[in-house]
Amino acid sequence: MQVIEINTYAKVNLSLDIVGRREDGYHTVDMVMQSVSLCDRVRVALNDSGQIRLTCSKPHIPEDGRNTAFKAAQLFLDVTGLPFGAEIHIEKHIPDEAGLGGGSADAAAVLRAMNRLCAEVLGREPLNTAELLYLGMRIGADVPFCIQNGTRRCGGIGEMMVPLAPLEACTLLIAKPSLRVSTPEAYTLVDRVPDDGVRYTERMVRALERRDLQAVARCMGNRFDDAMQHQQVQALKLAMCRGGALNALMTGSGSAVFGVFENMEDARSVLHALEPSCEEVFLARPVSAEEAAI
């Protein structure tokens, strides 16, 4: 059967406000997410066995039902009732446990790929975009964004999305320290630390509308970053800003930090300086929804 390969793009949070908590315990957010060129590569093929087989280039990544890409394939087959299995291989480049949405991006890619592959057999895609987004929400809060990508304001638990003016061309330096962050623990800490009514997202939306990169940098903010104040994260932010970044911020619940640079050479210089002290360091650029859809 046909094979599809898809780039699965990481995301960064240009802003992240936590605005409430639902009765089921989930927190509600108001945030701006941006796709970036750091990506995994996911290869998907259908099979006739009815079984899902997943492999990954990183040996520590689970290859069973604990993997979000595996969950995505299983949910797709369960919902559509189609008599197929899937062969999935993930060439992993996005750091895990970093707040970069790598697992969500892989799951989104599997949903998109299986929908397209089934169209080759059925003559039509079994699920429309709204149905794919609903499945994504059932897998993880960031999966709907990773299905559509680009620059978007996301609310609710991440599933309510509005497209925004794209981030202006720039260089993004992404650094992953050795620090490991548990998302549930991060939310617990945020609940203990008052935010004093500080909100970042509305200002970020206005800055993007003005197509003003320096204003975007000034408006960056992350409630997790404010509450957690991890020493390694703060040191990375300081190093990036001293090296020429317009601003730097932790993404999601961490622990990766990204800096926004107008000058690529400044970003390269800081990258070389940070390499000895970080697990992984990357240069990236913003990715539009149109580019990600290819």
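Quick caveat, the model's predicted, so the values are computed rather than measured.

Engineer: Can you help me understand the nonpolar core in this one?
Structural biologist: Looking at soluble globular proteins, one finds that nonpolar side chains tend to be buried together. Counting residues in each nonpolar core, the largest one holds 70 residues, and the members touching the most others are Phe76, Ile88, Val110, Leu111, Met114, Met240 and Leu274. The greatest single-element share of this core, amounting to ten residues, is contributed by helix α2 (residues 102-122). Residues Val32, Leu100, Cys219 and Val260 belong to the second largest nonpolar core, which totals 30 residues.

Engineer: What should I look at first to understand the pattern of salt bridges in this one?
Structural biologist: By the definition in use, this model includes 18 salt bridges. Where Glu97 meets Arg180, a salt bridge forms, and the shortest distance between an N and an O atom there is 3.0 Å. Of this pair, Glu97 sits in the loop between β4 (85-91) and α2 while Arg180 sits in the loop between β7 (171-176) and α5 (183-192), and the two are 83 residues apart along the sequence. Judged by relative accessible area, Arg180 falls into the partly exposed class, the value being 43%.

Engineer: I'm lost on the pairing of strand β1 (residues 3-21) in this one. Help?
Structural biologist: Along a regular strand, successive side chains alternate from one face of the sheet to the other. Examined bridge by bridge, β1 and strand β2 (residues 27-47) share 16 bridges and lie antiparallel to one another. Paired with Gly20 across the strands is Thr28, a residue of β2. Linking β1 back to β2 in an antiparallel pair, the connection comprises five residues, with Gly25 at a positive phi of about 95°.

Engineer: I keep staring at the pairing of strand β9 (residues 247-250) and nothing clicks. Help me out?
Structural biologist: In β9, alternate side chains face the same way, and those of Asn247 and Leu249 on one face and Ala248 and Met250 on the other are all buried. Where β9 meets strand β10 (residues 257-261), four bridges bridge the pair, whose relative direction is antiparallel. Residue pairing for β10: Ala248 is matched across the bridge by Gly259.

Engineer: Hey, could you run me through helix α9 (residues 231-242) in this one?
Structural biologist: Since the α-helix packs 3.6 residues into each turn, any two residues three or four apart lie on the same face. Between the first and last C-alpha of α9 there are 16 Å, a value that for twelve residues agrees with the 16 Å anticipated at 1.5 Å per step. As for α9, its buried residues are in contact with β7, α8 (223-228), β9, β10 and α10 (264-274). Immediately downstream of α9, the backbone of Gly244 shows phi near 120°, a positive value.

Engineer: So what exactly am I meant to see when it comes to the state of the cysteines here?
Structural biologist: Between two cysteines, a covalent bond joining their sulfur atoms is known as a disulfide. Scanning all chains against the criterion turns up zero disulfides. Here Cys39 stays unpaired: no disulfide links it, and the sulfur of Cys146, its closest cysteine neighbor, is 12 Å away. You can see Cys278 has no disulfide; the closest cysteine sulfur is in Cys241, sitting 14 Å from it. By relative accessible area, Cys278 is classed as buried at 11%.

Engineer: Quick question: what am I supposed to make of the layout of surface pockets here?
Structural biologist: Where empty space is left becomes clear once a probe the size of a water molecule has been rolled over the atoms. Looking at the largest pocket, its volume works out to about 1300 Å³. Along the wall of the largest pocket there are 45 residues; nearest its centre are Gly101, Ser104, Asp142, Thr183 and Ser253. Taken together, the elements giving at least two residues each to the lining of the largest pocket come down to β1, β2, α1 (68-80), α2, α3 (129-139) and α5. Per element, the largest residue contribution to the lining of the largest pocket is four residues, and it comes from α2. Taken together, 13 residues line the second largest pocket, and the ones lying closest to its centre are Arg112, Thr129, Leu132, Ile147 and Ala293. For the lining of the second largest pocket, the secondary-structure elements that each account for two or more residues are α2, α3 and α4 (143-148). Ranked by the residues each element gives to the lining of the second largest pocket, the list is headed by α2, at three residues.

Analysis parameters
- Residues numbered from 1 in each chain as written.
- Predicted model: local features only at pLDDT ≥ 70, side-chain atom pairs only at ≥ 80, totals over all residues.
- Heavy atoms only, no water.
- Core = buried A, V, L, I, M, F, W, Y, C linked by side-chain atoms within 4.5 Å.
- Buried < 20%, exposed > 50% of the residue type's maximum accessible area, 1.4 Å probe, protein only.
- Helix = DSSP H or I, 4+ residues; strand = E, 2+ residues; numbered from the N terminus.
- Salt bridge = Lys/Arg side-chain N within 4 Å of Asp/Glu carboxyl O.
- Pairing = 2+ DSSP bridges.
- Expected span 1.5 Å × (residues − 1).
- Contact = heavy atoms within 4.5 Å.
- Disulfide = S-S within 2.5 Å.
- 1 Å grid on protein atoms, 1.4 Å probe; cavity = no way out; pocket = protein on both sides within 12 Å on 5 of 7 lines; lining within 4 Å.
- Points joined across faces, edges and corners; volume = space filled by probe spheres on them.

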